Amino acid sequence: MVQFTVTDRVIDSKTLKFLPRHDDRPASATESAPLPPQSPERGSNGDSVTLSDDAKALMEQAKATARGQFTLTTGELETRIPGFDSRKFTPAYKNAEQDYMERMRAYNTERETFFEEKLGMKVGLIGGAAFGVLDRLAAHQGILKPPVPDALLEAGWSDPFEADKDSPTGVLGIGIPGTDRSLTITFDRTASIPPDAKLKLAGLTQDGSDNGPLLGRIRTGALGKLTNWDAAAGNTVHAVTDGTKGPNAKVLATISSHGMDDEARQHALSLLGVLRNFMEAP
């Protein structure tokens with residue numbers, strides 16, 4: 001029962017009525033038989049707890065921290081707490097981090113607005129090399145990703161997505177605003193398809209498809225592990241190739257379509273033609 005004190009009277013938070021004064025209430029069993037004081041190293045059930053010296057020191061430090069009193073140096077904290085980095089707890093670092101996060105939010109909003117307004121698509125999933133592809137495409141349109149501040153770099157900060165830019169494969173999920181229809185494009189930057197090659201769309205899971213050997217090869221390759229093959233959910237899968245027939249075709253991407261087969265046939269090739277220009281760093 002939570003109680004609120006008003007002058008010297010107490011209100012029951014459930015009934016909102018004044019309780020009798022303490023002097024007027026009969027003593028309860030708890031009040032008449034107070035619990036004996038517990039040892040600092042005993043639990044509520046009387047179990048003995050043995051703490052190491054380091055554990056005791058950290059508990060005392062936690063209490064001091066809550067009171068705004070710091071008794072351990074940052075060097076001691078780094079020694080006692082795995083992963084603690086004092087460089088990331090300075091005012092300069094915190095200010096730079098906050099400023100950078102605000103700039104990144106503005107950048108992502110501007111980039112997403114461009115994709116939706118100019119390309120008619122809403123990017124809902126990004127993975128692997130797709131981070132670099134979208135950043136380079138946005139930069140080509142004058143939408144520049146903010147640089148990481150020196151204060152963060154000097155403290156060992158790193159962009160968690162930076163390494164993914166050089167991944168051989170990438171995933172890009174695209175939705176049509178206002179619908180549940182979507183395309184998931186999985187691409188391979190190592191496909192070695194000449195820039196002037198005419199891309200072709202080959203059905204893989206559709207009824208009547210004669211691309212069984214190509215399907216088998218893709219399933220066991222790098223793209224197969226990332227492609228959404230869930231036919232039970234209504235997905236169909238196409239391959240984007242260099243136009244060569246049979247299992248030896250060079251495959252740039254797979255496209256998993258959920259209710260967007262027409263868009264996959266009509267627009268995916270032109271979209272991948274654009275994205276292919278930004279798959280390699282300048």
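Residues numbered from 1 in each chain as written. Predicted model: local features only at pLDDT ≥ 70, side-chain atom pairs only at ≥ 80, totals over all residues. Heavy atoms only, no water.

S.K.: Any chance you could explain the overall build of the protein chain here in plain terms?
M.R.: Each helix and strand counted, the protein chain has 9 helices and 8 strands in total. Every one of the 282 residues in the protein chain was classed for burial, and the buried ones make up 33%. In the form shown here, the protein chain has an accessible surface area of approximately 17700 Å², with 54% of it arising from carbon and sulfur atoms. (Helix = DSSP H or I, 4+ residues; strand = E, 2+ residues; numbered from the N terminus. Buried < 20%, exposed > 50% of the residue type's maximum accessible area, 1.4 Å probe, protein only. Areas by Shrake-Rupley, 256 points an atom, 1.4 Å probe, with all protein chains shown as cover.)

S.K.: Just to check I follow, could you spell out the sheet that holds strand E6 (residues 200-203) for this structure?
M.R.: Pairing between sheet strands relies on hydrogen bonds along the backbone, with the strands arranged either parallel or antiparallel. In space, the 6 strands of this open sheet follow the order E3-E4-E5-E8-E7-E6, with antiparallel pairing throughout. The open sheet terminates on both sides in strands that have one partner only, identified here as strand E3 (122-128) and E6. Direction aside, neighbouring strands of the sheet carry axes that sit 20° apart on average. Bridge count between E3 and strand E4 (residues 169-175): 6 bridges; the pairing is antiparallel. Paired with Lys122 across the two strands is Gly175, which belongs to E4. The strands touched by helix H7 (residues 212-219) are strand E7 (235-241) and strand E8 (251-258); relative to E8, the strand with the most contacts, the crossing angle is about 95°. (Pairing = 2+ DSSP bridges. Axes fitted to C-alpha atoms, helices over the stretch in contact; angles between N-to-C directions. Contact = heavy atoms within 4.5 Å.)

S.K.: I keep staring at the side chain of Thr254 and nothing clicks. Help me out?
M.R.: On the secondary structure map, Thr254 appears in strand E8. Reaching out from Thr254, the side chain makes a polar contact with the side chain of Thr227 at a distance of 2.7 Å. Once residues lying within four places of it in the same chain are set aside, the contact partners of Thr254 are Thr184, Ile185, Thr186, Ile218, Leu223, Thr227, Val237, His238 and Ala239. (Polar contact = N/O pair within 3.5 Å; in protein donor to acceptor, adjacent residues only side chain to side chain.)

S.K.: What am I meant to see in the nonpolar core here?
M.R.: If you look at the biggest cluster of nonpolar residues, it comprises 40 residues, and the most contacted ones within it are Leu252, Ile255 and Leu272. Going through the elements one at a time, helix H4 (91-118), helix H5 (130-140), E4, strand E5 (182-188), E8 and helix H9 (261-276) are the ones with two or more residues in this core. For this core, the element with the most residues is H4, which contributes 7 residues. Setting aside residues no more than four positions away along its own chain, Ile255 makes contact with Leu183, Thr184, Ile185, Leu201, Thr236, Val237, His238, Val240, Ala264, Ala268 and Leu272. Membership of the second largest hydrophobic core comes to 9 residues, among which are Leu215, Trp229, Val237 and Val251. (Core = buried A, V, L, I, M, F, W, Y, C linked by side-chain atoms within 4.5 Å.)

S.K.: So what exactly am I meant to see when it comes to the packing of aromatic side chains here?
M.R.: How two aromatic rings sit relative to each other is set out by the distance from centre to centre and by the angle between their planes. If you walk through the whole model with that rule in mind, you get 2 aromatic pairs. With centroids separated by 5.5 Å and ring planes inclined at 55°, the aromatic side chains of Phe114 and Phe115 adopt a geometry described as tilted. The burial state of Phe114 is the same as that of Phe115; both residues are buried. The ring of Trp229 carries the charged tip of Arg219 above its face, separated from the ring centre by 4.3 Å. (Phe/Tyr/Trp six-rings, centres within 6.5 Å; stacked < 30°, edge-to-face > 60°. Lys NZ or Arg CZ within 6 Å of the ring centre and 35° of its normal.)

S.K.: Quick question: what am I supposed to make of the layout of surface pockets here?
M.R.: If a probe the size of a water molecule is rolled over the atoms, the empty space left behind becomes visible. Size it by volume and the largest pocket reaches roughly 330 Å³. Lining the largest pocket are 19 residues, with Met104, Asn108, Phe131, Lys145 and Phe161 positioned closest to its centre. Those elements giving two or more residues to the lining of the largest pocket turn out to be H4, E3 and H5. Per-element accounting of the lining of the largest pocket gives the leading share, 9 residues, to H4. Of the residues in the lining of the largest pocket, the class split is 11 nonpolar, 1 polar and 7 charged. Taken as a whole, the second largest pocket spans an internal volume of roughly 210 Å³. Around the second largest pocket sit Leu119, Gly120, Met121, Ile174, Ile176, Leu183, Met260, Glu263, His267, Ala268, Ser270 and Leu271, which together line it. For the lining of the second largest pocket, the element with the most residues is H9, which contributes 5 residues. When grouped by side-chain class, the residues that make up the lining of the second largest pocket number 8 nonpolar, 3 polar and 1 charged. (1 Å grid on protein atoms, 1.4 Å probe; cavity = no way out; pocket = protein on both sides within 12 Å on 5 of 7 lines; lining within 4 Å. Points joined across faces, edges and corners; volume = space filled by probe spheres on them. Nonpolar A, V, L, I, M, F, W, Y, C, P; charged D, E, K, R; others polar.)

S.K.: How should I be thinking about the pairing of E4 in this particular structure?
M.R.: When you tally the buried positions in E4, you get 7 out of 7 residues, the bulk of the element. Of the two faces of E4, the one carrying Thr169, Val171, Gly173 and Gly175 and the one carrying Gly170, Leu172 and Ile174 are both buried. Two elements, E4 and E5, share 7 bridges in a ladder whose sense is antiparallel. Each residue of the ladder has a partner; that of Val171, found in E5, is Thr186.

S.K.: Teacher, can you tell me more about H7 here?
M.R.: Side chains that are three or four residues apart share a direction in an α-helix, a result of its 3.6 residues per turn. Listing the buried residues of H7 in full gives Leu214, Leu215 and Ile218. Down the axis of H7, the sector holding all buried residues measures 100°, keeping them to one side. For H7, the secondary structure elements touched by its buried residues are helix H8 (222-226), E7 and E8. (Arc of directions from axis to C-beta.)

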